[in-house]
Amino acid sequence: MKRQLSDLAILGGSKLCDSFLPVGQINIPEWERFEALANGIFDRGCYSNHGVLAQEFENKLCQLFNMPHAVTLTNATIGLCLALKALDLAPGDKVVVPAFTFAATVQALTWAGLEPVFCDVDPHTHNITAQTVAPWLDTPGVKVILGVHLWGNPCDLQGLETLAHERGLSLFFDAAHAVGCTYGGKNAAEFGVCAVFSFHATKVLSSTEGGCVATNDGEIAERLRNLRSISGRHANVPVPVNSNGRFSEMQAAFGLLSLEDFPRNCAANEKRMRLYHEGLRDVPGVRFLLPTPGERHNYQYVVLEIEEKEFGFSRDELVRILEAENILVRRYFVPGMHRCVPYKTQFPQYVDALPVTDALCEKVMQVPSGQRVTDEDIAVICGLIRFIHAHARELKKRLFV
Ligand code: T4K
């Protein structure tokens, strides 16, 4: 615990954490359970090309999502690329997409030969809404609205469905953060023509790398199975190109165990989020983004907004102080995609058009969560943030002048 300013690592004191505390889950199943499944893989001698474990994982995902098709892929980035390629779109067709997202959301559009039309997001949910999308729908060539269920909170699905229906557009979702999350009691996977999920090591449902596309559309699912593997096992349907987006048996083994642990890991995440909230809720200038009450959630990301005037430091300054202590907070997603190459030069019309995105890029951060982060760690992190706020004026003079 820090008692005086010189105890802070950024001022030469010792680090609060001996090893770094990351944002991300790294929920590891017990080795013996993994070994038992891996032994079966060795016995069968089938390591990839969608073997028995991959098929079992897909079946269980269909149950979790309440969907007829869950096509597993190497990761969600490949899932986004191939799912966009599987839609009936022509090269150069336009897709309305938030700029406040992970690079893969937008780069997948480029990869699939489509053009992004960047829109802003709601300041309270960080997600697109019918209101933030509507101003861009008259752009010639718009065919799809691509929403991102950021931090696991589903977008305003009712409003978006109504708008898409009125305008004859498709809805497509990057649901990388939203495994197990609901909107109006329905699984997030049940909305849009496709929903793409991530099972990266830092996600609450993990297959180390991995992702899947959930869809109701049997034709799209068949196209995806052909797109993901030159040696596809399923019916041959015409696809524009082949690829290798296969999901290995080792990934499936990890994923199956993670699925068994999923309720337990979500509950542990919920507790961690609650502890952070209790530990920080009265600190001036710290705002929490909390899940909608009554909906199911995976509580994967603990997301804060730092208001510089009230807190005493900007988000970036706070991040530097915390990182010096080995607390690896993240600044997802900076800068907004509209300000990244190649988009800022290719599409300069968006650079100064998204004020909410720009404001969020200045103040949003995620604090460590997941299996490695203990209750004591959270108490220490909250205590440190309180200490930094309480001594902001004095500390600022010694640090950032
Ligand atoms: N759409 C959205 C909205 C997304 O956020 C993402 C990915 C995607 C699509 C694409 O999904 P994938 O293609 O990845 O399936 C991470 C993840 O790599 C990425 O999956 C995630 N979103 C993004 C928000 O965050 P980084 O660069 O911040 O995290 P990374 O991989 O450096 O890991 C964080 C820390 O965790 C590391 O500093 C160390 C620790 N760590 C990580 C790994 C992988 C470990 O201790 N062990 C590990 O094995 O991107």
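Because the structure is predicted, anything quoted here is derived from the model rather than measured. (Residues numbered from 1 in each chain as written. Predicted model: local features only at pLDDT ≥ 70, side-chain atom pairs only at ≥ 80, totals over all residues. Heavy atoms only, no water.)

Peer 1: Go over the sheet that holds strand β14 (residues 364-367), please, and point to the residues and values.
Peer 2: Strand order across the open sheet formed by three strands is β11-β12-β14, with antiparallel pairing between neighbours. Both edges of this open sheet fall to β11 (286-288) and β14, since each of them pairs with a single strand only. Mean inter-strand twist for the sheet, computed between neighbouring axes without regard to direction, equals 35°. Pairing geometry for β11 and strand β12 (residues 302-306), over three bridges, is antiparallel. Each residue of the ladder has a partner; that of R287, found in β12, is E305. Sitting on the sheet, helix α10 (residues 315-324) touches β12 and β14, and the angle it makes with β14 is about 25°. (Pairing = 2+ DSSP bridges. Helix = DSSP H or I, 4+ residues; strand = E, 2+ residues; numbered from the N terminus. Axes fitted to C-alpha atoms, helices over the stretch in contact; angles between N-to-C directions. Contact = heavy atoms within 4.5 Å.)

Peer 1: Give a detailed account of the packing of aromatic side chains, specifying residues and quantitative values.
Peer 2: Summed over all chains, the structure comprises 19 aromatic pairs. Ring geometry for F57 and F199: centres 5.5 Å apart, planes at 70°, overall edge-to-face. In this pair, F57 is assigned in helix α2 (residues 52-65) and F199 in the loop between β9 (195-198) and β10 (211-215), connecting sequence segments 142 residues apart. The exposure classification of F57 matches that of F199, with both residues buried. Arranged with centres 6.2 Å apart and planes meeting at 75°, the rings of F100 and F333 form a pair that is edge-to-face. On the criterion of sequence distance, the pair formed by F100 in the loop between β3 (94-98) and α4 (103-111) and F333 in the loop between β13 (327-328) and α11 (343-346) is long-range, its members being 233 residues apart. (Phe/Tyr/Trp six-rings, centres within 6.5 Å; stacked < 30°, edge-to-face > 60°. Buried < 20%, exposed > 50% of the residue type's maximum accessible area, 1.4 Å probe, protein only.)

Peer 1: Go over the environment of V133 with me, naming the residues and quoting the values.
Peer 2: In this structure, V133 sits in helix α5 (residues 130-133). The exposure class assigned to V133 is buried, which follows from its relative accessible area of 0%. Through-space distance from the C-alpha of V133 to that of L8 is 44 Å; in sequence the pair is 125 residues apart. Ignoring anything within four residues of it in the chain, the contact list for V133 reads V96, C119, I128, I145, L160 and L163.

Peer 1: I'd like a description of the domain arrangement of the protein chain, backed by residues and values.
Peer 2: Looking at the protein chain, the domain boundaries give domain 1 (5-26 + 262-400) and domain 2 (31-257). One C-alpha centre belongs to domain 1, the other to domain 2, and the line joining them spans 27 Å. Contacts between the two partners involve 37 residues from domain 1 and, on the opposite side, 40 residues from domain 2. Both faces combined, the contact of domain 1 with domain 2 buries some 3,400 Å², and carbon together with sulfur accounts for 63% of it. The largest per-residue losses of area from domain 1 upon contact with domain 2 belong to F262, F333 and M337, which jointly make up 21% of the total buried on that side. Where domain 1 touches domain 2, the interface holds zero salt bridges. Linking domain 1 to domain 2 there are 16 residue pairs in polar contact (both at pLDDT 80 or more). At the level of elements, α8 (249-280), β12, α12 (355-363) and β14 are the ones that each hand at least two residues to the side of domain 1 that touches domain 2. Here the side of domain 1 that touches domain 2 takes five residues from α12, the largest share from any one element. For the side of domain 1 that touches domain 2, the per-class residue count stands at 21 nonpolar, twelve polar and four charged. (Domains from an automatic or database assignment. Buried area = accessible area lost by both parts, 1.4 Å probe. Salt bridge = Lys/Arg side-chain N within 4 Å of Asp/Glu carboxyl O. Polar contact = N/O pair within 3.5 Å; in protein donor to acceptor, adjacent residues only side chain to side chain. Nonpolar A, V, L, I, M, F, W, Y, C, P; charged D, E, K, R; others polar.)

Peer 1: How would you summarise the side chain of N298 if you had to cite specific residues and measurements?
Peer 2: Mapped onto the elements, N298 comes out in the loop between β11 and β12. Using a relative accessible area of 0% as the deciding quantity, one classes N298 as buried. Engagement of the side chain of N298 in a polar contact is seen with the backbone oxygen of V179, the distance being 2.9 Å. Leave out the neighbours within four places in its chain, and N298 touches H177, A178, V179, C181, V204, F262, C266 and N269.

Peer 1: How would you sum up the sheet that holds strand β6 (residues 170-174)? Please name residues and give values.
Peer 2: Sheets are built from strands that pair by backbone hydrogen bonding, the pairs being arranged parallel or antiparallel. Strand order in the open sheet formed by seven strands is β2-β10-β9-β6-β5-β3-β4, and the pairing between neighbours is mixed. Only two strands of the sheet have a single neighbouring strand rather than two, namely β2 (69-73) and β4 (115-119). Within this sheet the neighbouring strands show an average axis-to-axis angle of 25°, counted without direction. Both β9 and β10 contribute to a ladder of four bridges, which runs antiparallel. Residue pairing across strands places A195 opposite A214, the latter belonging to β10. In the packing of helix α3 (residues 76-86) onto the sheet, contacts are made with β2, β5 (142-148), β6, β9 and β10, and the angle to β9 comes to roughly 165°. With respect to the sheet, helix α6 (residues 157-167) is in contact with β5 and β6, its orientation differing from that of β6 by roughly 145°.

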